[in-house]
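Now for the letters of each chain:
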Amino acid sequence: MDESQAGEQQPQRRRVVVTGLGLLCGVGRTAGQVWEGLLAGRSGMAEIKAFDLTGHPVRFAAEVKDFDPLVFIEKKEARKMGRFIHFAIAAAQEAMDHSGLKIDDSNHDRVGVHIGSGIGGFDVIEREHSAMLAGGPRKISPFFIPGSIINLAAGHVSIRFGARGPNEATATACTSSAHSIGDAFRIIQRGDADAMIAGGTEASITPMGVGGFAAMKALSTRNDDPTHACRPFDKDRDGFVVGEGAGILILEELEGAKARGAHILAEVLGYGMSADAYHMTGMAPEGEGCFRAMNAALKVAGLSPDRIDYVNAHATSTPLGDALESKALENVFGEHALDHTLLVSSTKSMTGHLLGGAGGLEAGITIMAMLHQIAPPTMNIEELDPNCRLNYVPNQPQPAKIDYALSNSFGFGGTNGSLIFKRWTE
C-alpha cells in the first residue's frame, strides 16, 4: 500500500431503512390482513382448490384465497405471466403505495429491483408441458419462457414502476428472498442505488410442486386436520405445509428517505450468509451453518447477541430442521435464549412455507412485530420437543419490548441467510 493511502479511512457505509412493505399469503392479501390474522392465530391451511387431488397423498396447502390478479394487472398482460409474477406485482404495489416513493425522471436510474424466487413459474411450466404433449411443440405458448423464468418477477416490477437501477433475482431455494433483501441492502450501502424494491415471491401449489415435495417425504400428511398440521417445535411435527404468496420491502438510503419525508418503519442493520457444505437437503450437525449466518449478521450489525429481542425462525415443522435451528439459536444466544428472555416464533405455523418467498414475507412480519411491539405466536404447540428448549411464543401473541429483531431463512443446498432489523427511532 502506498504510504499516502495508509492512513485513509474507508468510506462510511450508508444507512439503509425500510419505508414500505407489501405482504400476501394464505392468511391475508395485504400486510394489515396478514398481521391481524397472525395475532388471531388464524391458519391459512385448507384442502387444495387449485387442482384435482386424485392420487395425491398430501391434499392441503396454504393457498392465497380470493386473489384476483386483474385488480393489479390488465387481463391481456396477466395471461402472459405466471402466478408468482402476479403475487410479486401485487405485493410491490402495496409496498410502493405504503412507502409513498415516487419514481420519475429525477430518480429512476437510482431505484432498483431485487426479487427472488425458489422455483418461479411452476404453473406455467406444467401447463405448457401438457399442451406440448397433447398437441406438439406448436402448441407451446410464446409466453412460456417469459411467464416462468425467475427474474421476470423483478423484470415486470421494474417495468411497472419505471425503476431503471440494478435489476436482479436470487434463486437460492428457501433463502431466496432473504438473500434478495440482504443483497439490496448492500447495493444501497455501497452507493449503487438509493432505493430498492426487494423481497420474494412463490407459487408452487401445483400438482408437480406439492407432489414433488410429498415424494421427498418433506410434507405433513395430516390431511384430516390441515389447520393444525404445521407445528414447529412440537414433538409430533411431521413435515412442512406448502404456502404461496409474496413479501416485498421498500429499502432506501436514510438521508434520502428523510429528505422526502418518508415514514420510516425500521432500519436494516445486519445481513449474514453461510453455506452448510454438508448435504443437499439436510442441515449441518448442531445447526452449524445457521449459527454462522446469524453470527455474521450480528457482526455486520455491530450487536452483541443479548441485544436481539425477537427471532422470526425459519422453523418449517420438519423433525430435524426445527431441532437444529433451535440448537443453533442456543449456541448463538446462550443464556439470553435459555432463560426465555429471547422470543422466538415460527409464523409458518399459520402461513405455511412460502419456499423462496418465505424470507420476504417473514422480514415484513418481523418489522411489524417491532412496529406493534408484539411477538406473533407459534401455533399448534401442544407438547414441546425436548430438544427445543426456548420461548417459542406458544399459541398466543406476546407483547414485548422489541428494539432489535432477526429473521432466519435456510434452504436446500445448505444456503443460509439472516437479516437483522432495528426499530426506528430518531
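Everything here concerns the structure above.
All figures in this text were calculated on a predicted structure; none of them were measured in a lab.

Caption draft 1: Highlighting the overall build of the protein. Of the regular secondary structure elements, the protein holds 15 helices and 14 strands. Its C-alpha atoms give the protein a radius of gyration of 21 Å, within 12% of the compact-globule value 22 Å for 426 residues. Here the C-alpha coordinates of the protein stretch approximately 70 × 55 × 40 Å along the principal axes. Counting only contacts in the protein whose residues sit at least 6 apart along the sequence, the fraction spanning at least 24 positions is 78%. Averaged over its 38 positive side-chain charges, the protein has a centre that lies 4 Å from the centre of its 50 negative ones.

Caption draft 2: Representation of the sheet that holds strand S6 (residues 195-202) within the structure. Strand order in the open sheet made by the 10 strands is S5-S4-S6-S7-S1-S8-S14-S13-S9-S10, with mixed pairing throughout. Every interior strand has two partners, whereas the edge strands, strand S5 (167-168) and strand S10 (343-345), have only one. As judged from the 9 bridges shared by strand S8 (residues 266-275) and strand S14 (residues 415-423), these two strands associate in the antiparallel manner. Pairing of Tyr271 across the sheet is with Leu419, part of S14. In the packing of helix H12 (residues 319-333) onto the sheet, contacts are made with strand S9 (310-312), S10 and strand S13 (404-411), and the angle to S13 comes to roughly 140°.

Caption draft 3: View of the packing of helix H2 (residues 31-39) against helix H15 (residues 358-372). Two numbers describe how H2 lies on H15: the axes approach to 11 Å, and their chain directions differ by 70°. Relative to H15, the element H2 lies roughly perpendicular. Two secondary-structure elements touch here, H2 through Ala31, Val34, Trp35 and Leu38 and H15 through Leu361, Ile365, Met368, Ala369 and His372. A per-class count over the contact of H2 with H15 returns 8 nonpolar, 1 polar and no charged.

Caption draft 4: Region of the structure containing the environment of Lys235. On the secondary structure map, Lys235 appears in the loop between helix H9 (207-215) and strand S7 (245-253). For Lys235, a relative accessible area of 38% translates into the label partly exposed. On a C-alpha basis, the gap between Lys235 and Gly120 in space is 33 Å, while along the polypeptide they are 115 residues apart. Setting aside chain neighbours within four positions, we find Lys235 in contact with Glu383, Leu384 and Asp385.

Caption draft 5: Summary view of the pattern of salt bridges. For the coordinates displayed, the defined rule picks out 21 salt bridges. A salt bridge links Arg237 to Asp322; its shortest N-O distance comes to 3.5 Å. In this pair, Arg237 is assigned in the loop between H9 and S7 and Asp322 in helix H12, connecting sequence segments 85 residues apart.

Caption draft 6: Examining the pairing of S6 more closely. Of all 8 residues in S6, 8 are buried, a share of seventy percent or more. Neither face of S6 is open: one carries Ala195, Ile197, Gly199 and Thr201, the other Met196, Ala198, Gly200 and Glu202, and all of them are buried. In the sheet, strand S4 (residues 111-116) pairs with S6 via 6 bridges, with the strands oriented parallel. Residue Gly112 lies in a different strand from S6, and its bridge partner there is Met196. Two strands pair when backbone bridges link them, and S6 and S7 are joined in this way by 8 bridges, in the antiparallel orientation.

Caption draft 7: How the structure looks around the nonpolar core. Ranked by size, the top nonpolar core spans 45 residues in total, and within it Val18, Leu21, Leu23, Leu249, Leu251, Ile367 and Phe421 carry the most contacts. No other element matches H15, which puts 8 residues into this core. Residue contacts for Val18: discarding those within four places in its chain leaves Leu249, Ile250, Leu251, His263, Ile264, Leu265, Ala266, Val268, Ile367 and Phe421. In this structure, Ala78, Ala88, Val113 and Val157 belong to the second largest nonpolar core, which totals 33 residues.

Caption draft 8: Representation of the side chain of Asp234 within the structure. Within the fold, Asp234 resides in the loop between H9 and S7. Here Asp234 is in contact with Asn380, Ile381, Glu382, Glu383 and Asp385, once residues within four sequence places are set aside.

The rules we used
- For every chain, the first residue of the written sequence is number 1, and numbering continues from 1 along that sequence.
- This being a predicted model, a pLDDT of at least 70 is required before a residue's local features are given, and a value of 80 or more before pairs of side-chain atoms are given or counted; all residues contribute to the totals for chains, interfaces and linings.
- Side-chain numbers here rest on the full set of heavy atoms in the structure, without hydrogens or water.
- Helix and strand assignments come from DSSP, with helices taken as H or I runs of at least 4 residues and strands as E runs of at least 2, each series counted from the N terminus.
- Both definitions apply: the radius of gyration is a C-alpha atom measure, and the globule rule equals 2.2 Å times residues to the power 0.38.
- Note on definitions: a residue-residue contact is assigned when non-hydrogen atoms from the two residues lie within 4.5 Å.
- Charge convention: Lys and Arg are scored as positive, Asp and Glu as negative, and His as well as the terminal groups of each chain are ignored.
- Where a charge lies is defined by one atom per residue type, namely NZ (Lys), CZ (Arg), CG (Asp) and CD (Glu).
- Strands are treated as partners if at least two bridges between them are detected by DSSP.
- Angular values range over 0 to 180 degrees, each being the angle between N-to-C directions of two axes fitted as lines to C-alpha atoms, with helices fitted over their stretch in contact.
- Throughout this description, any angle smaller than 35 degrees is read as roughly parallel, any larger than 145 degrees as roughly antiparallel, any in the 65 to 115 degree range as roughly perpendicular, and the remainder as oblique.
- For this classification, Asp, Glu, Lys and Arg are treated as charged, while Ala, Val, Leu, Ile, Met, Phe, Trp, Tyr, Cys and Pro are nonpolar and the rest, including Gly, are polar.
- Working definition: with a 1.4 Å probe on protein chains only, accessible area under 20% of the residue-type maximum means buried, over 50% means exposed, and in between means partly exposed.
- Salt bridges are defined by distance alone: a side-chain nitrogen of Lys or Arg within 4 Å of a carboxyl oxygen of Asp or Glu.
- Buried residues of nine kinds, namely Ala, Val, Leu, Ile, Met, Phe, Trp, Tyr and Cys, make up a nonpolar core once their side-chain atoms join them within 4.5 Å.

This is a description of form; function is not addressed.
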